[in-house]
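Structure assessment
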Amino acid sequence: MIDSKLLRQDAAAIAARLQSRGYTFPLDEYQRLEDARKTAQVKAEQLQATRNSLSAQIGQAKKNGENADALMAQVAALDSEQKDSEQQYAEIQNALDALLATVPNPPHESVPVGKDEDDNLEVRRWGTPRVFDFPPKEHADLENIGLDFDAGAKLAGARFTVLRGDLARLHRAIAQFMLDTHTRDEGYTEMYVPYLANAQALFGTGQLPKFEEDLFKTALGERHFYLIPTSEVSLTNLVADSVLEEADLPLYYTAHTPCFRSEAGSHGRDVRGMIRQHQFDKVEMVKIVAPETSYDELEKLTANAENILQKLNLPYRVVLLCTGDMGFSAAKTYDLEVWLPGQGKYREISSCSNCTDFQARRMQARYRPKDSKKPQPVHTLNGSGLAVGRTLVAILENYQNADGSITIPEALLPYMGGITEIRPLR
């Protein structure tokens, strides 16, 4: 959530920054509510001051043996007026909070201004795409290697997939390799987290209320839960409603979980194969850091995701998202796009974002600087390290052979129990 102090200082400047990401801030409505809030706050403070003064007069009158009935009657009348005033203030504040809950994070000054993915800025490339001596296939066209889209549709419908045999093992190996790399080499703490989350957790990281249609919702009696769209929700909310010490920071968390997304706005997109699924696995990285370090930490986070692709020898490029293409909670985002020879294009495989204090304010996640007694919001970052299914897709397309087999990348051999290639099933 946007810092309300910054809005009060210069709402017009914040509105201009938000306009660059295609969001029109309701400046007039905000100003109306903010003015009403100030008026209600001043009135409440005046009533409280009057009540305090009368209470002091009552005490003095009793001390002097004087009749204080008239003063007490005034206090009784003020009590009712004060309750009404406090209720009015609360209603105005709730309306203001509801408005601000739908406002995205203002972009960082280094983010290029643009409308959509066509305005994103390529930062760098790594690796050279393989030159095939046969026409490379898209992963969905590879025959009898264990991709079973029909079984997925039979069990759950479109955008679900069953993996069989060695391909299922490869999928598991990819996740284990990612976790080992992040924990052993990069200092992350591995976590096992719930796959269900409550509404407050999803509000904290920005999925609610704006993106409820993209979530799967379930219930147990009167208790409602959401299937997590990413373990960013679970990992980031570990510090919700808490005050950390500066010495506790930074915190690096990683987890392997399934993720669930309804893909409500993606009808007709990537309907073939595993690129866009309702259920997919992801190894997530989350950082909880001090504000002054967060943009350096974003570069490190992105490098951690790149490290996985480099170890797997998968060509990719890094793209800085423009203002119009960033996620709701992000102030700056790098996408990693892996080369898919079957499609002949780069496709997103990771998104690494600095959410600054935006999520922290929604979650009430704070830390106490060593030179200050007053807690301040932490900064939160998240990134895919990587999406497991899309990594599997990239391996299938980049490591395919003319005979239909798939060579196992060298980095994954220790996890495959002696299997060096996946051959078509009989």
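Structure shown above.
This write-up is about the structure you can find in this document. Positions within a chain are numbered from 1, following the residues in the order the chain's sequence is written. The predicted nature of this model means local features are confined to residues of pLDDT at least 70 and side-chain atom pairs, given and counted, to a pLDDT of 80 or more, with totals for whole chains, interfaces and linings taken over all residues. To get the side-chain values, take all heavy atoms of the structure and skip hydrogens and water.

1. Things to note about helix α10 (residues 388-398)
Of all 11 residues in α10, 11 are buried, a share of seventy percent or more. Burial classes follow relative accessibility: with a 1.4 Å probe on protein chains only, a residue under 20% of its type's maximum area counts as buried, one over 50% as exposed, and anything between as partly exposed. A run of H or I in DSSP counts as a helix once it spans at least four residues, and a run of E counts as a strand once it spans at least two, with each numbered from the N terminus. When α10 is considered as a whole, its buried residues turn out to be V388, G389, R390, T391, L392, V393, A394, I395, L396, E397 and N398.

2. Some points on helix α5 (residues 165-186)
An α-helix turns once per 3.6 residues; consequently, residues spaced three or four apart project the same way. Between its first and last C-alpha, α5 extends 31 Å over 22 residues, near the 32 Å set by a 1.5 Å rise per residue. Positive backbone phi, approximately 85 degrees, marks G187, located one or two places after α5. Multiply 1.5 Å by the residue count of a helix minus one, and that product is the helix's expected span.

3. So, the sheet that holds strand β10 (residues 279-289)
When DSSP locates at least two bridges between a pair of strands, those strands are taken to pair. Across the sheet, which stays open at both edges, the eight strands sit in the order β1-β11-β12-β13-β16-β10-β9-β4 with mixed pairing between neighbours. Single-partner strands in this sheet number two, and they are β1 (121-126) and β4 (189-190). Direction of pairing for β4 relative to strand β9 (residues 251-260): parallel, over a ladder of two bridges. Bridge pairing in β9 places E190 opposite T254.

4. Concerning the packing of aromatic side chains
The pairing test for Phe, Tyr and Trp rings, Trp by its six-membered ring, is centres within 6.5 Å, and the orientation test on the planes gives stacked under 30 degrees, edge-to-face over 60, and tilted for anything in between. Counted under the stated rule, the structure contains nine aromatic pairs. Plain terms: the ring middles of Y188 and Y252 are 5.2 Å apart, the flat faces sit at 35 degrees to each other, and that makes the pair tilted. A residue pair is termed long-range when its members are at least 10 positions apart, and Y188 in the loop between α5 and β4 and Y252 in strand β9 qualify at 64 residues. Across this residue pair, the class does not change: Y188 and Y252 are buried.

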